Amino acid sequence: MSRPQPLSGFPELLPRQRIVEQQVVDHLSRVFELHGFGNLQTRAVEPMDQLLRKGETSKEVYVLRRLQADANDTGDAELGLHFDLTVPFARYVLENAGKLNFPFRRYQIQPVWRGERPQGGRYREFWQADVDIVDQGELPAHYEVEVALVIADALRGLPIPKVRMHVNNRKLSQGFYRGIGIADTDEALRIIDKLDKIGPDAVAKLLIDGVDATPEQAEACLRLASISAADTSFADEVRALGVEDPLLEEGLTELAAVVDAVAKEAPGFIVADMKIARGLDYYTGTVYEVFIEGREHLGSICSGGRYDRLASDGKNTYPGVGLSIGVSRLLVPLLQAGSLDATREVPTCVLVALADEDGRPEANALAQRLRRRGIPTQVSPSAAKFGKQIKFADKRGIPFVLFTNEEGTQIKDIRSGDQVTVDADTWEPPVQDLYPRITAE
RNA sequence: GUGGUCGUAGUUCAGUUGGUAGAACGCUUGGUUGUGGUCCAGGAGGUCGCGGGUUCAAGUCCCGUCGAUCACCCCA
């Protein structure tokens, strides 16, 4: 086998697929910037103690080691590749707190690495597009609404199936569990998170075995988890269960505020869903998960939440709220299914045909005139028969071929076959042909 | 990390109880003496993932290994 095989979990795209990805990332950046988020990049590696703090030892972190490192050289800090963009961002905020202006908002689009076993929609190397807002000391609740609306704006502008954001509040769930007498509310949350996957009976059993719940307590947890609503009516349903706890009340109020505000600005986008829990343990309040309708099995394509204690140097605390879009999880399955494609596989809009090799300098000059006016142009690779040069363009999806002959400069639209004489200094392609576009389904 | 399935031309796949490989599409040449897409006629391309074993004989059976894929775990 001399031909290299792909590496499981490290997806690579073909040119036309990459064009789709590139345009999606451009779109996300544009929307984030429209909302006032500036871009940031952080290094690929973090010290292991940064990555593993907050009890994240379950994370499959890729550890970095120099090939020539001395076996007994313990001088270097151990490094690992980051597995998300939130933890490096929290570190960055602490490191540069004195130079940043708070409240601080940024977006970050970078690859992350996780050593898990790959599967459809799960990769070992994948791209995340992250938006966060952090403040110093206290983080006002309205930011929880704002980040959700940024994501609504970003995702709804993409040519993808309908998406829906499910929100919950950890205070609500944990207050409820505490209110009915369950001690290990963190574990209860993790078990409830499995509901969609393993079903109510299995969850009840896990609750009884895992957090010493009585069958009645497990039943109450399941009833809470079954509540969902696109408006604030969920609060009454929860209160109707008759559990009293101050943390629960706090969570209900906060969640109602988020749902109410987001539903008004982005109708149909958000739904309060009491079974959303999130595995990551640094979330302290609102948690979000976004699913593609009809592709729930992929898992969430965007998620996040509020974290009050992730960034703290002991003296100052920088609470934040943010969401992360799994760009690879969102796109790769749609690309592989052929639901998303590009109109062509190269940026080129015009191919300048070549009658003979001696004409190349003139052709180059002609191409340059088009480029100066922003029209992506390339010159034919060889002075082959015109049929072959047209075929060269056709195979790549290049819409126009430019010929120079006795009649002057002629542009042929190879889709229609129409060929007309034009002035190379004024001719414009139709706007939809200037750059490759994304086509859906 | 645990378990199931799979691994044949560039691609998608055939390959009959073991008898040393085939189709379609794609690619390429020509028909078409410099304007493609249709049509016709030719052509190139495979140590059957890799290694070992059983057999007179292995793409086909067995073992190992690598890779892919699905489920669990966990998550974007």
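The structure we're discussing is the one just above.
Residues numbered from 1 in each chain as written. Chains lettered and ligands numbered in written order. Predicted model: local features only at pLDDT ≥ 70, side-chain atom pairs only at ≥ 80, totals over all residues. Heavy atoms only, no water.

Regarding the sheet that holds strand E17 (residues 408-413)
As a reminder of what qualifies: What makes two strands pair is DSSP finding at least two bridges between them. Each helix corresponds to a stretch of at least 4 residues labelled H or I by DSSP, and each strand to a stretch of at least 2 residues labelled E; elements are numbered beginning at the N terminus. Whenever a helix is involved, its axis is fitted only over the stretch in contact; in every case the axis is a line through C-alpha atoms, and angles between N-to-C directions fall within 0 to 180 degrees. In what follows, a contact means two residues having at least one pair of non-hydrogen atoms within 4.5 Å.
Sheet architecture is open: five strands sit in the order E15-E14-E16-E17-E18, paired in mixed fashion. Each edge of the open sheet carries a strand with a single partner, namely strand E15 (377-379) and strand E18 (419-421). Each strand axis lies, on average, 25° off the axis of its neighbour in the sheet, ignoring direction. Pairing geometry for strand E14 (residues 350-352) and E15, over three bridges, is parallel. Across the sheet, Val350 pairs through a bridge with Thr377, a residue of E15. Sheet strands touched by helix H12 (residues 360-372): E14, E15 and strand E16 (400-405). Its angle to E15, the strand with the most contacts, is close to 175°. Packing of helix H13 (residues 386-396) onto the sheet brings it into contact with E14, E15, E16 and E17, and relative to E16 it is tilted by some 155°.

Description of the packing of helix H4 (residues 142-156) against helix H10 (residues 246-265)
Condition: Crossings are sorted by hand: turned counterclockwise from the far helix by less than a right angle, the near helix makes the crossing left-handed, and turned clockwise it makes it right-handed.
Relative orientation of the contacting elements H4 and H10 amounts to 35°, with a least axis distance of 9 Å. By crossing handedness, the relation of H4 to H10 is classed as right-handed. Every residue of H10 that contacts H4 at Glu144, Val145, Ala148 and Leu149 is listed here: Ala257, Val258, Ala261, Val262 and Glu265.

Details of the sheet that holds strand E4 (residues 79-81)
Taken together, three strands build an open sheet; the order of strands is E2-E4-E3 and the sheet is antiparallel. Pairing within the sheet leaves two strands with one partner each, and these edge strands are strand E2 (45-47) and strand E3 (63-64).

Section: the protein's contact with RNA strand B
Quick note on the threshold: One heavy atom suffices: a residue is near a molecule or strand as soon as one of its heavy atoms comes within 4 Å of it. Residues adjacent in sequence count toward polar contacts only when both atoms are side-chain atoms; beyond that, a polar contact is any pair of N or O atoms within 3.5 Å, and within protein one must be able to donate a hydrogen and the other to accept it. Any residue that is not Ala, Val, Leu, Ile, Met, Phe, Trp, Tyr, Cys, Pro, Asp, Glu, Lys or Arg is counted as polar, Gly included; the first ten are nonpolar and the last four charged.
Near RNA strand B, the surroundings consist of 48 residues, among which Ser8, Arg114, Arg122, Lys194 and Ala384 are the closest. With respect to RNA strand B, the side chain of Arg329 contributes an N or O atom lying 2.7 Å from a base oxygen. Between Phe386 and RNA strand B, the recorded distance is 3.4 Å, taken from a backbone N or O atom to a base nitrogen. By residue number, the principal contributor to the surface near RNA strand B is H13, which donates eight residues. A breakdown of the residues in the surface near RNA strand B according to their chemical character gives 16 nonpolar, 15 polar and 17 charged.

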